[in-house]
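Inside the fold
One letter stands for each residue in the lines below.
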Amino acid sequence: MAEDFLASALAAEASSRAPQDPDYPLFHVAPPVGRLNDPNGLIEIDGTYHAFFQYTPEHPRRLVYWGHATSRDLTHWEYHAPAILPDTHQDANGAYSGTAIDVGDHVELWYTGNYKDPETGEREATQCVVTTADMVHFDKQVPPIIGRQPEGYTAHFRDPQVWRDADGTYRMLLGVQRENLTGAALLYRSTDLRAWECEGEMTFPDAGGAFDTFGYMWECPNLVRLVDEDSGEAHDVLIFCPQGISPEREGFENVFPCVAIVGELVGTEFRSADGSFEELDRGTEFYAPQIMARSASSDPGAPTVLFGWAGNAGEDDQPSIETGGWVHCFTAPRALTLRGGRVIARPYLPGLPLAPATLEGAPGDEAGARVVELAGSRSWRLAFDASYEGALSVGIGSGSGLAITLEEGRLTVDLSGTRYPHGGRRVVTASPGEASRVEILHDRSITEIYLGDGSRVFTTRSFLNGEGSGVTLVGAASVTLVGAARAD
């Protein structure tokens, strides 16, 4: 008898201990049970935000579904039955990552089907589609739409982003590995979303060869058009995860990085990209980000929103596995823009707006301790301006083990005293003035730090000791609160 994959997932969810775990986030998307990884199929329709995600409800059994959550305010999330099941040959070893597109009378969820022959180990990677007219019932198209990779590439051929181009045709962007074991991105084009022609690799004619052999695989490519706040000009931004790069500069300390390149896509050429690239997040956990797609009902003035996976490949051994039977979560949603040619990412939480708050104490009181009115809260948002004469320490609760230190040109995050096993101590150099505007999101076991009004971001899983509630600011700095909010 064929396995009932939906019943298996729902049974795992019914017995889940995750919601009772004190480390389970309140306003970040997290798995109902088991393991979560990449954001998938992000789309807003009629004011409802749909977040799909790589989901392994019976972790460590590797049956990879697409989980599904919705929200009206990007803060309070409702979880639904999985939308894509690993129940056909094409996705027997996982319904892997992809994106959503609104095509009028229905939405299409594009994903990579993964099959691995149990005897030979040979992999088949196919590009597949599920359609839905109501975001409740999901119909899988079988067989796959694109049955194999083109000549010259390995079966590491995945993570489709699909969009409608300005001329009315459709385009698909895929991450690939060449047969010489270097990474690249492929572009396809279609008039009907079913017959696709490979246009070729994305090239970088102005980059001086910087991206010709840039890592051994490019994962989760996303293309987005953003307006620069300084110039008012629009540019294309390519966001992707090049596996295997090791730049000789600060950062790039995680298993795999995520970078952004600014330029202009013309045909298959990504022009005006001069070879420079920036790491999107300097924290201990950030990968596989995705842009939220728009629908016909979307507000054209709404910001471009990005979610990332607060996780890393091979780092599933986290405290929440023992305490709640779950692991990993999303970052908070981030509104993207450009400023001076750099990507800016600001927290975008309509359901958790900043409000006036009180800063009690003064630099001379109790060794300089100042307390924000968040006592007892383990999930909160805080923004402040600072002028530094020395270091400023941010304390979350009492005896939490997390040490955040801000200075004029530096952020230091020391996780060695927490229960998080992969962090250690990270130092991030800040540009002049960046540390003068600080926003921190803390949600039980995830902490996000935004400097310079979003010009530098640091995401980490924190897994604090003790209560880990409230926040204190200690040190030689003049602090002015911008606002605060608590989620619990």
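Note that the coordinates shown come from a computational prediction; the quantities given were computed from them, not determined experimentally.

1. Side note on the overall build of the chain
- The helix and strand inventory of the chain stands at two helices and 33 strands.
- The globule rule puts the C-alpha radius of gyration for 488 residues at 23 Å, and the 22 Å found for the chain is close to it.
- Counting across all 488 residues of the chain, residues that qualify as buried make up 59%.
- Considering only contacts within the chain whose residues lie at least 6 apart along the sequence, 60% involve residues at least 24 apart.
- Carbon and sulfur atoms make up 49% of the accessible area of the chain, which totals about 18,500 Å².
- When the 36 positive and 70 negative side-chain charges of the chain are each reduced to one mean point, those points stand 2 Å apart.

2. With respect to the domain arrangement of the chain
- The domain boundaries assigned to the chain delineate domain 1 (5-347) and domain 2 (355-486).
- Computed over C-alpha atoms, the centres of domain 1 and domain 2 are 30 Å apart.
- Taken residue by residue, the interface counts 37 residues in domain 1 and 35 residues in domain 2.
- Buried surface at the junction of domain 1 and domain 2, summed over both partners, amounts to about 3,000 Å²; 46% is from carbon and sulfur atoms.
- The largest contributions to the domain 1 side of the interface with domain 2 come from Arg 282, Thr 284 and Pro 347, which together make up 20% of the buried area.
- A salt bridge links Arg 334 to Glu 448; the nearest nitrogen and oxygen atoms lie 2.8 Å apart.
- Those elements that provide at least two residues to the side of domain 1 that touches domain 2 are α2 (319-324), β21 (329-330), β22 (334-339) and β23 (342-347).

3. Considering the pairing of strand β3 (residues 65-71)
- The buried count for β3 comes to seven of seven residues, which makes it a mostly enclosed element.
- Neither face of β3 is left uncovered, since the one carrying Tyr 65, Gly 67, Ala 69 and Ser 71 and the one carrying Trp 66, His 68 and Thr 70 both have all their residues buried.
- By the bridge criterion, seven bridges tie strand β2 (residues 48-56) to β3 in an arrangement that is antiparallel. Bridge pairing links Tyr 55 to Tyr 65 in β3.
- Sheet analysis places β3 next to strand β4 (residues 78-84), joined by four bridges and oriented antiparallel. Considered in β4, the bridge of Ala 69 is made with Tyr 79.
- The hairpin turn running from β3 into β4, its antiparallel successor, is six residues long, and Leu 74 in that turn takes a positive phi close to 65°.

4. Regarding the UniProt feature "domain: Glycosyl hydrolase family 32 N-terminal" (unreviewed entry) in the chain
- UniProt's entry tags residues 28-347 with the feature "domain: Glycosyl hydrolase family 32 N-terminal" (unreviewed entry), counted in the numbering of this structure.
- Here residues 28-347 is 2% helix and 51% strand, with 12 Å between the C-alpha atoms at its ends.

5. A few points about the sheet that holds strand β20 (residues 326-327)
- One open sheet holds the five strands; their spatial order is β4-β3-β2-β1-β20, and the pairing between them is mixed. Here the strands that pair on one side only, and so sit at the sheet edges, are β4 and β20.
- Lying on the sheet, helix α1 (residues 5-14) is in contact with β2, β3 and β4; it crosses β4 at an angle near 155°.

6. Topic: the sheet that holds strand β6 (residues 107-116)
- A sheet is described by the order of its strands in space; here four strands give the open sequence β5-β6-β7-β8, paired in antiparallel fashion. Both edges of this open sheet fall to β5 (95-102) and β8 (139-140), since each of them pairs with a single strand only.
- Pairing of β5 with β6, which is carried by six bridges, proceeds in the antiparallel orientation. Bridge pairing in β6 links Ala 95 to Gly 113.

7. A word on the nonpolar core
- In this structure, Trp 77, Val 237, Ile 239, Phe 307, Phe 330 and Leu 336 are the most contacted members of the largest nonpolar core, which totals 49 residues.
- No fewer than three residues from each of domain 1 (5-347) and domain 2 (355-486) sit in this core.
- Every residue in contact with Val 237, bar those within four places of it in the chain, is listed here: Asn 222, Leu 223, Val 224, Leu 226, Ala 260, Ile 261, Val 262, Phe 270, Leu 338 and Val 343.
- The next biggest cluster of nonpolar side chains, apart from the first, holds 33 residues, and it includes Ala 386, Tyr 420, Val 428 and Ile 449.

8. Some words on the side chain of Ser 190
- Note that Ser 190 resides in strand β11 (residues 183-190).
- A polar atom in the side chain of Ser 190 sits 3.1 Å from the backbone nitrogen of Asp 192.
- A distance of 2.8 Å separates the side chain of Ser 190 from the backbone nitrogen of Leu 193, its partner in a polar contact.
- If we skip the residues at most four places from it in the chain, Ser 190 touches Thr 169, Tyr 170, Ala 195 and Trp 196.

9. Structural notes on the environment of Thr 120
- Looking at the element boundaries, Thr 120 is found in the loop between β6 and β7 (123-132).
- A distance of 3.1 Å separates the side chain of Thr 120 from the backbone nitrogen of Glu 122, its partner in a polar contact.

What counts and what doesn't
- Residues numbered from 1 in each chain as written.
- Predicted model: local features only at pLDDT ≥ 70, side-chain atom pairs only at ≥ 80, totals over all residues.
- Heavy atoms only, no water.
- Helix = DSSP H or I, 4+ residues; strand = E, 2+ residues; numbered from the N terminus.
- Rg over C-alpha atoms; globule rule 2.2 N^0.38 Å.
- Buried < 20%, exposed > 50% of the residue type's maximum accessible area, 1.4 Å probe, protein only.
- Contact = heavy atoms within 4.5 Å.
- Areas by Shrake-Rupley, 256 points an atom, 1.4 Å probe, with all protein chains shown as cover.
- Lys, Arg positive; Asp, Glu negative; His and termini not counted.
- Charge placed at Lys NZ, Arg CZ, Asp CG, Glu CD.
- Domains from an automatic or database assignment.
- Buried area = accessible area lost by both parts, 1.4 Å probe.
- Salt bridge = Lys/Arg side-chain N within 4 Å of Asp/Glu carboxyl O.
- Pairing = 2+ DSSP bridges.
- UniProt positions renumbered as here; feature names shortened; annotations may be inferred.
- Axes fitted to C-alpha atoms, helices over the stretch in contact; angles between N-to-C directions.
- Core = buried A, V, L, I, M, F, W, Y, C linked by side-chain atoms within 4.5 Å.
- Polar contact = N/O pair within 3.5 Å; in protein donor to acceptor, adjacent residues only side chain to side chain.

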